[in-house]
Amino acid sequence: MSAIDQEVAGYYDKLLKRNAGEPEFHQAVAEVLDSLKIVLEKDPHYADYGLIERLCEPERQIIFRVPWMDDNNNIRVNRGFRVQFNSALGPYKGGLRFHPSVNLGVIKFLGFEQIFKNSLTGLPIGGGKGGSDFDPKGKSEGEIMRFCQSFMTELWRHIGEYRDVPAGDIGVGGREIGFLFGQYRRLVNQHESGVLTGKGLTWGGSLARTEATGYGTVYFTNEMLKAKGESLDGARVIVSGSGNVAIYAIAKAQELGATVVGFSDSSGWVETPNGVDVELLRDVKERRRERVTSYVEDATGATYHEDGSIWDLKADVALPCATQNELNADHARTLIANGVRYVAEGANMPSTADAVEVFREAKISFGPGKAANAGGVATSALEMQQNASRDSWSFDYTDERLHKIMSNIFKVAKNTAAEYGREGDYVVGANIAGFTKVADAMLAQGVI
């Protein structure tokens, strides 16, 4: 083991001891540290001043009680989180996730990833994340409103347009953002529109924000294909999930000439050999808020599956857009056997470390989430710009900005990987490019 390997192993061993029982956080840090070995060999000054240890330790971790009353007048108690991870490049920026799986380790993993994702956008935003173990599914509108109001009653004192700007994530859409913003406005007694992103269009929101993460993932994917002299036109695509990111990834992929042959939700998956009826899917998931079985009831040529895996389908491109660690090494081998040559993550860390290694060994073009799904936070930052200037941009102009940002992220990841002798390895390229920008800012600002 080289001296650098020993040094990095020492960092990681210390992190495991200080952050016991947080496997998602461990996984996210391990991937980045593995990429940083070649940076430290070339530029050892990045090990100075405890930079790696500081980078892996959040600047602030906030945990709070969220009491609320259900429709039967029973008091319920959930736990709220906000991890403000790194503000070297700008105010903390990252979504809020409402889901039963949320705990401190999950929020730390998401916040850590957000540091590098936000850095790659080229915009002045730091990394943070938050949420609660509250589950909006099965709750009434009134229950969701009361929960959001209680959640914001604590969170408001920790956020602000120059301090920390949350957005939505799993379980937090336009409805939840509306309730959160209304309570924030009530508490601070002013219309500080820049404090949350993903707002409604009539009160500070941005056109193209809803579509941004899904569109951005497809823009990044298309750049990977173009680098190999191909395009999405005529390609068969698998998209896991059927939430906001998946829906708009499906829409953009089909707009560019691809056929999306399958999508899923937590109940099962749907095979769509002739493509997806996007408007029907939007009606099922966004308006009716129903399972994908409802899509199959109303669609032509679609088949619902409870067993097996969506990754069993034959395709050219796979876009995991559901949740962390949904795609494992066995799934990766099946995808490769079935013809998949391109994979881009529309969710945060949806591929396990073993799956990524399988893709790497098979020389599959693989776009990691911190690069491929950065479109959402990039457009959130564009919403912040519009709020700051009291302006409102057209859909086409915002989408054009998003497209340029995603193309630039691909170019930076590609060029950085080549610079460090790992051509075509977009994981290494994204990790190093995101890291060096944040690290340079941290070194310039001193030990804080």
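Source: prediction; values computed, not measured.

The rules behind each value
Residues numbered from 1 in each chain as written. Predicted model: local features only at pLDDT ≥ 70, side-chain atom pairs only at ≥ 80, totals over all residues. Heavy atoms only, no water. Helix = DSSP H or I, 4+ residues; strand = E, 2+ residues; numbered from the N terminus. Rg over C-alpha atoms; globule rule 2.2 N^0.38 Å. Buried < 20%, exposed > 50% of the residue type's maximum accessible area, 1.4 Å probe, protein only. Contact = heavy atoms within 4.5 Å. Areas by Shrake-Rupley, 256 points an atom, 1.4 Å probe, with all protein chains shown as cover. Lys, Arg positive; Asp, Glu negative; His and termini not counted. Charge placed at Lys NZ, Arg CZ, Asp CG, Glu CD. Salt bridge = Lys/Arg side-chain N within 4 Å of Asp/Glu carboxyl O. UniProt positions renumbered as here; feature names shortened; annotations may be inferred. Polar contact = N/O pair within 3.5 Å; in protein donor to acceptor, adjacent residues only side chain to side chain. Domains from an automatic or database assignment. Buried area = accessible area lost by both parts, 1.4 Å probe. Expected span 1.5 Å × (residues − 1). Phe/Tyr/Trp six-rings, centres within 6.5 Å; stacked < 30°, edge-to-face > 60°. Lys NZ or Arg CZ within 6 Å of the ring centre and 35° of its normal.

**So, the overall build of the protein chain**
Line of reasoning, step 1. Secondary structure assignment for the protein chain yields 16 helices and twelve strands.
Line of reasoning, step 2. Rg of the C-alpha trace for the protein chain: 21 Å, near the compact-globule value of 22 Å for 448 residues, within the 12% margin.
Line of reasoning, step 3. Along the longest, intermediate and shortest principal axes, the C-alpha atoms of the protein chain span 60 × 50 × 40 Å.
Line of reasoning, step 4. Burial analysis of the protein chain (448 residues in total) assigns 57% to the buried set.
Line of reasoning, step 5. Look at the contacts in the protein chain between residues 6 or more apart in sequence, and 72% of them connect residues 24 or more apart.
Line of reasoning, step 6. With an accessible surface of roughly 17,800 Å², the protein chain has 47% of that area assigned to carbon and sulfur atoms.
Line of reasoning, step 7. The average position of the 49 basic charges and that of the 59 acidic charges among the side chains of the protein chain differ by 4 Å.

**So, the pattern of salt bridges**
Line of reasoning, step 1. A complete count under the given rule lists 34 salt bridges for this structure.
Line of reasoning, step 2. A salt bridge links Asp5 to Lys37, with the nearest nitrogen and oxygen atoms 3.7 Å apart. Of this pair, Asp5 sits in helix H1 (residues 3-18) while Lys37 is found in helix H2 (residues 23-42), placing the two residues 32 residues apart along the sequence.
Line of reasoning, step 3. For Asp5, a relative accessible area of 23% puts it in the partly exposed group.
Line of reasoning, step 4. The partly exposed category is assigned to Lys37, whose relative accessible area is 24%.
Line of reasoning, step 5. Between Lys129 and Asp169 there is a salt bridge whose closest N-O contact spans 3.0 Å. One end of the pair, Lys129, is in strand S4 (residues 126-132); the other, Asp169, is in the loop between strand S5 (164-168) and helix H6 (174-188), and 40 residues separate them in sequence. The same class applies to Lys129 and to Asp169, which are both buried.
Line of reasoning, step 6. Sharing partners across several salt bridges, the network here consists of Asp283, Arg287, Arg288, Glu290 and Asp298.

**Let's talk about the UniProt feature "binding site: NAD(+)" (unreviewed entry) in the protein chain**
Line of reasoning, step 1. Taking the numbering used here, the UniProt-annotated feature "binding site: NAD(+)" (unreviewed entry) corresponds to Thr213 and Asn244. Taken together, the annotated residues stretch across 32 residues yet fold into one region, lying no more than 8.2 Å apart by C-alpha.
Line of reasoning, step 2. The topology assignment puts Thr213 in helix H7 (residues 209-227).
Line of reasoning, step 3. Thr213 sits in the buried class, given a relative accessible area of 10%.
Line of reasoning, step 4. Each residue touching Thr213, except ones within four places of it in the same chain, is listed here: Val245, Gly346, Asn373, Gly375 and Gly376.

**Quick notes on the side chain of Glu345**
Line of reasoning, step 1. With respect to the secondary-structure elements, Glu345 resides in the loop between strand S11 (342-344) and helix H12 (353-361).
Line of reasoning, step 2. Of the buried charged residues, Glu345 lacks a salt bridge, with Lys370 as the closest side chain of opposite charge at 7.1 Å.
Line of reasoning, step 3. Separated by 2.7 Å, the side chain of Glu345 and the backbone nitrogen of Gly369 make a polar contact.
Line of reasoning, step 4. Sequence-distant contacts of Glu345, defined by excluding residues within four places in its chain, comprise Thr217, Pro320, Pro350, Ser351, Phe366, Gly367, Pro368, Gly369, Ala372 and Asn373.

**Quick look at the domain arrangement of the protein chain**
Line of reasoning, step 1. Annotation of the protein chain at the domain level lists domain 1 (3-55), domain 2 (59-188) and domain 3 (211-372).
Line of reasoning, step 2. Spacing between the C-alpha centres of domain 1 and domain 3 amounts to 32 Å.
Line of reasoning, step 3. The interface is formed by five residues belonging to domain 1 together with six residues belonging to domain 3.
Line of reasoning, step 4. Regarding the contact of domain 1 and domain 3, the summed buried area is about 450 Å², with carbon and sulfur atoms giving 45% of it.
Line of reasoning, step 5. For domain 1, the biggest contributors to the area lost against domain 3 are Glu24, Gln27 and Glu31; these three give 81% of the whole.

**Quick word on helix H5 (residues 141-155)**
Line of reasoning, step 1. Taking 1.5 Å of rise per residue, the 15 residues of H5 would be expected to cover 21 Å, and the 21 Å separating its terminal C-alpha atoms lies within 8% of that figure.
Line of reasoning, step 2. Within H5, the full set of buried residues consists of Glu143, Ile144, Phe147, Cys148, Ser150, Phe151, Met152 and Leu155.
Line of reasoning, step 3. Along its buried surface, H5 packs onto strand S1 (60-69), strand S2 (75-86), strand S3 (92-98), S4, S5 and H6.

**Regarding the packing of aromatic side chains**
Line of reasoning, step 1. Applying the stated criterion to the full structure yields 21 aromatic pairs.
Line of reasoning, step 2. Ring centres 5.3 Å apart and planes at 70° place the aromatic pair Phe98 and Phe151 in the edge-to-face group. Taken together, the positions of Phe98 in strand S3 and Phe151 in helix H5 put the pair 53 residues apart, joining distant regions of the chain.
Line of reasoning, step 3. Residue Phe98 is classed as buried on the basis of its relative accessible area of 1%.
Line of reasoning, step 4. Look at Phe151 and you get buried, because its relative accessible area is 0%.
Line of reasoning, step 5. An aromatic cluster is defined as three or more aromatic residues linked by ring pairs; in this entry it consists of Phe64, Trp68, Phe98, Phe134, Phe147 and Phe151.
Line of reasoning, step 6. Lying over the aromatic face of Tyr420, Lys42 brings its terminal NZ or CZ to 4.6 Å of the ring centre.
Line of reasoning, step 7. For the cation-ring pair, Lys252 lies above Tyr215, with the distance from its terminal atom to the ring centre recorded as 4.4 Å.

**Thoughts on the UniProt feature "active site" (unreviewed entry) in the protein chain**
Line of reasoning, step 1. Using the residue numbers shown here, the UniProt feature "active site" (unreviewed entry) corresponds to Lys129.
Line of reasoning, step 2. We classify Lys129 as buried; its relative accessible area is 3%.
Line of reasoning, step 3. Those residues in contact with Lys129, other than ones at most four positions away along the chain, are Arg82, Val83, Gly94, Gly95, Ile107, Leu110, Gly111, Gln114, Asp169 and Asn348.
Line of reasoning, step 4. Side-chain polar atoms of Lys129 contact the side chain of Gln114, separated by 3.5 Å.

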